[in-house]
Amino acid sequence: MKKYVALSLLLTVLFSLTSCIDKYKGPMSSVSHIQTDGNTSSTELTEENEQKILDILNDGEWVDDGNNCGYDYEFTVKNKKILYHSQCGTFAESGKGISLSLSEEDKIEVNKLLGVVEKVVLESVENMQVDIIDKIYPDILVAETNYKGDIEEFGETVYVITDNIDEWCVGDEVIIVFSEVGRPADTTQPVRVMADKIHIPNYYGKPIIYLYPEEKTVCSVKVEFDGELTCTYPEHSADGWQNFVAHPDGTLVFPDGKEYYALYWEGINDVEWDMTKGFCVRGEDTAEFLEWALAEQGLTRREANEFIVYWLPLMQENPYNVISFQTTAYTDEVKLDITPTPDSLLRVYMTYYASDREVEIQPQSFENFERQGFTVVEWGGSIIEKP
């Protein structure tokens, strides 16, 4: 009987000793990162960092739960395949049905050691720079971008994660609205953006401003809107166009002595246009339609001519153009601060998209415009996304 007790005690001691031996001992294989596009990359850890991860594996409490968290990193330790999900902070041993859930502190430490792209939540941010789609993978776009502000230090290539891949082509110009930005530990790696919305940029195409005072008048004009001015002529400073002399025939003389016949600006931003009313016009009929529509709204023959020669080449080859002239959707978005205040202000702004077929749309009517006293006239337009 004493022999059996002694043997039992011996087995207990041996079991205790083996349980104190680390289950996971190095060396570790290189760590494979399974990327969103299905490709893999390898990370070689220093011996010190490798040991830190092994210590976390051995000190943690593994449970038998058949974890289904997925994984985006994998490596082997003594023929044991270890999987890791960086978002959940969970390790699993492949084929064993056991997992280790890390504390938030340990998760941050492991992610840092592996060079994991950490997600940070921002307020919804719109990149007002125009991006060019460079490549397309099953669930991401690769965009060459000019991000400003919060992520400008993370390089020019951005992986844009979206469900709407089929809507875009390589070479498309896009604006991206996002609320999550990947901040890689290695800033040479691409930035990852969770896209809230991707859309073509809204270009304000050649808005041009004419001023017709009754007598020579010193004027100032400033364009105010929640967007970015991409081109102005003459240069629009932070205070706008300041202290130029406007003549009754429309000639503008600036303080440096240079003369202009109008003020020109272009820009981009994100705006919801009102396309509930308008016109569907055959491409071949566009010139005739614009002559009528612009005269109805109050443009002179010269002003309408300049409008048409700019927009007609972009529209006449389309099977159809669905056209709407914006009112408050434009004037509420883009303000003109004009000194002195004009007696009459006409702002003609066209939005349109090309269509392969005729589209039914409620006809639009125009208010009568009468030029009285100091008159300012502006026209412009945008090519927009098909609803």
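Residues numbered from 1 in each chain as written. Predicted model: local features only at pLDDT ≥ 70, side-chain atom pairs only at ≥ 80, totals over all residues. Heavy atoms only, no water.

Draft legend 1. Here's a closer look at the nonpolar core. One finds Tyr 204, Ile 209, Leu 211, Trp 241, Phe 244, Leu 263 and Trp 265 to be the most contacted residues of the largest nonpolar core, which totals 31 residues. With 4 residues, strand 15 (residues 217-225) is the largest single contributor of residues to this core. With sequence-adjacent residues up to four places away left out, Ile 209 is seen in contact with Val 221, Trp 241, Ala 262, Leu 263, Trp 265, Leu 336, Val 376, Val 377 and Glu 378. (Core = buried A, V, L, I, M, F, W, Y, C linked by side-chain atoms within 4.5 Å. Buried < 20%, exposed > 50% of the residue type's maximum accessible area, 1.4 Å probe, protein only. Helix = DSSP H or I, 4+ residues; strand = E, 2+ residues; numbered from the N terminus. Contact = heavy atoms within 4.5 Å.)

Draft legend 2. Representation of the packing of helix 4 (residues 286-297) against helix 5 (residues 301-315). At a minimum axis distance of 10 Å, the contact between helix 4 and helix 5 shows a crossing angle of 145°. Handedness of the helix 4/helix 5 crossing: right-handed. On helix 5, the residues touching Thr 286, Ala 287, Leu 290, Glu 291 and Leu 294 of helix 4 are Arg 301, Ala 304, Phe 307, Ile 308, Leu 312 and Met 315. Counted by class, the contact of helix 4 with helix 5 contains 8 nonpolar, 1 polar and 2 charged residues. (Axes fitted to C-alpha atoms, helices over the stretch in contact; angles between N-to-C directions. Left-handed = near helix turned anticlockwise from the far one by under 90°. Nonpolar A, V, L, I, M, F, W, Y, C, P; charged D, E, K, R; others polar.)

Draft legend 3. Geometry of the side chain of Asn 318. On the secondary structure map, Asn 318 appears in the loop between helix 5 and strand 22 (320-326). Judged by relative accessible area, Asn 318 falls into the buried class, the value being 19%. Asn 318 has contacts with Gly 283, Tyr 352 and Ala 354, leaving out every residue within four places of it along the chain.

Draft legend 4. Quick peek at helix 5. Taking 1.5 Å as the rise per residue, helix 5 with 15 residues should run 21 Å; its terminal C-alpha atoms sit 20 Å apart, in good agreement. The sharpest bend along helix 5 comes to roughly 30°, located at Val 309, with the proline Pro 313 sitting one to four residues further on. By the burial criterion, the buried members of helix 5 are Glu 303, Ala 304, Glu 306, Phe 307, Ile 308, Trp 311, Leu 312 and Met 315. (Expected span 1.5 Å × (residues − 1). Bend = angle between axes of the 7 residues up to and from the residue.)

Draft legend 5. Looking closely at the packing of aromatic side chains. Summed over the entire model, instances satisfying the criterion amount to 22 aromatic pairs. Their ring planes at 15° and their centres at 4.9 Å tell us that Phe 244 and Phe 254 sit as a pair that is stacked. Within this pair, whereas Phe 244 is found in strand 17 (residues 241-246), its partner Phe 254 is found in the loop between strand 18 (252-253) and strand 19 (259-260), the two being separated by 10 residues in sequence. An identical accessibility class is assigned to Phe 244 and Phe 254; each is buried. For the ring pair Tyr 310 and Trp 379, a centre distance of 6.4 Å and an interplane angle of 50° mean the geometry is tilted. Taken as a pair, Tyr 310 in helix 5 and Trp 379 in strand 26 (residues 375-383) lie far apart in primary sequence, 69 residues in all. (Phe/Tyr/Trp six-rings, centres within 6.5 Å; stacked < 30°, edge-to-face > 60°.)

Draft legend 6. Broad picture of the packing of helix 2 (residues 47-59) against helix 3 (residues 104-114). Running from N to C, helix 2 and helix 3 cross one another at 150°; their axes reach a closest spacing of 10 Å. In terms of their interaxial angle, helix 2 and helix 3 are classed as roughly antiparallel. Where helix 2 crosses over helix 3, the two elements pack in a sense that is left-handed. Here Asn 49, Lys 52, Ile 53 and Ile 56 of helix 2 lie close against helix 3, whose contacting residues are Asp 106, Glu 109, Val 110, Leu 113 and Leu 114. Taken together, the residues of the contact of helix 2 with helix 3 break down into 5 nonpolar, 1 polar and 3 charged. (Parallel < 35°, antiparallel > 145°, perpendicular 65-115°, else oblique.)

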